[in-house]
Amino acid sequence: MTDPFILRRETHIAAPRATVFAFLTDPDKIVSWMGTEVATEPQAGGLYLVKGVGASGNTVRGTFREVVPVHRLAYSFGWDEGKEVPPGSSLIEIDLIEQDGGTLLRMTHSGLPNAEQVASHDKGWVHYLGRLTMAAAGRDPGPDPRRPQGKM
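Reading guide: rules and limits
- Residue positions are given per chain, counted from 1 along the sequence in the order it is written.
- In keeping with the predicted nature of the model, local features appear solely for residues at pLDDT of at least 70, side-chain atom pairs appear and are counted solely at 80 or more, and the whole-chain, interface and lining totals rest on all residues.
- Side-chain numbers here rest on the full set of heavy atoms in the structure, without hydrogens or water.
- A carboxyl oxygen of Asp or Glu within 4 Å of a side-chain nitrogen of Lys or Arg is what we treat as a salt bridge.
- Secondary structure counts use DSSP, requiring at least four H or I residues in a row for a helix and at least two E residues in a row for a strand, with both numbered from the N terminus.
- Here's how the labels work: a residue is buried when its accessible area is under 20% of the maximum for its type, exposed when over 50%, partly exposed in between, all with a 1.4 Å probe on protein chains only.
- When the centres of two rings from Phe, Tyr and Trp lie within 6.5 Å, Trp using its six-membered ring, the rings pair. Their planes under 30 degrees apart give stacked, over 60 give edge-to-face, and anything left gives tilted.
- We call two residues in contact when some of their heavy atoms are within 4.5 Å.

## Describing the pattern of salt bridges
Tallying each qualifying case throughout the model produces eight salt bridges. Glu10 is the salt-bridge partner of Arg106, the closest N and O atoms lying 2.6 Å from each other. Taken together, the residues Arg106 in strand β7 (residues 102–110) and Glu10 in strand β1 (residues 7–13) connect sequence positions 96 residues apart. Owing to a relative accessible area of 48%, Glu10 belongs among the partly exposed residues under this scheme. Close ionic contact of Arg72 with Asp95 constitutes a salt bridge, the shortest N to O distance being 3.0 Å.

So, in structure tokens, the structure goes:
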């Protein structure tokens, strides 16, 4: 039986795969498009942690399951404050594919518990993948409009 609560997104980024991969794994680069504080250990079993995400400044926590440099990432995902999607309860899989002089980022977010969580996470991913697309292409996405002023 297939999981009905799966979110899929694709975006084309005007940058090579190595650049996009760095913006998905390097804490200094991730914080340019998402969160206020990031810690990553990009190896199987390593930590994935992003603090200060979204309007409420929540913390995302997970563990890397698969890391194939410049090609693929998979990590568990959940919210420290989340009852419906706690840390490690869902899975992000990202494939990076060379395309049209840049990179096609193909993401699947599975393990979400219901349609409401799919819709909520879809809004978040649209927002943050847009910011990633800008940052990896060398443009400044500016301050995160989803984060309230003064909240770092």
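After that view, the rundown keeps rolling.
## Structural notes on the packing of aromatic side chains
As enumerated under the stated definition, the model contains five aromatic pairs in all. Relative to Tyr75, the ring of Tyr48 has its centre 4.1 Å away and its plane inclined at 25 degrees; by these criteria the two rings are stacked. Taken together, the positions of Tyr48 in strand β3 (residues 47–53) and Tyr75 in strand β5 (residues 72–77) put the pair 27 residues apart, joining distant regions of the chain. By relative accessible area, which is 3% here, Tyr48 ends up buried. Tyr75 sits in the buried class, given a relative accessible area of 3%. Centre to centre, the rings of Phe77 and Trp125 are 6.1 Å apart; their planes meet at 45 degrees, and the pair counts as tilted. Taken as a pair, Phe77 in strand β5 and Trp125 in helix α3 (residues 115–136) lie far apart in primary sequence, 48 residues in all. Residues Phe77 and Trp125 agree in their burial class; the two are buried.

## Quick look at the environment of Val70
In this structure, Val70 sits in the loop between β4 (58–68) and β5. Leave out the neighbours within four places in its chain, and Val70 touches Arg17, Ala18, Phe21 and Leu96.

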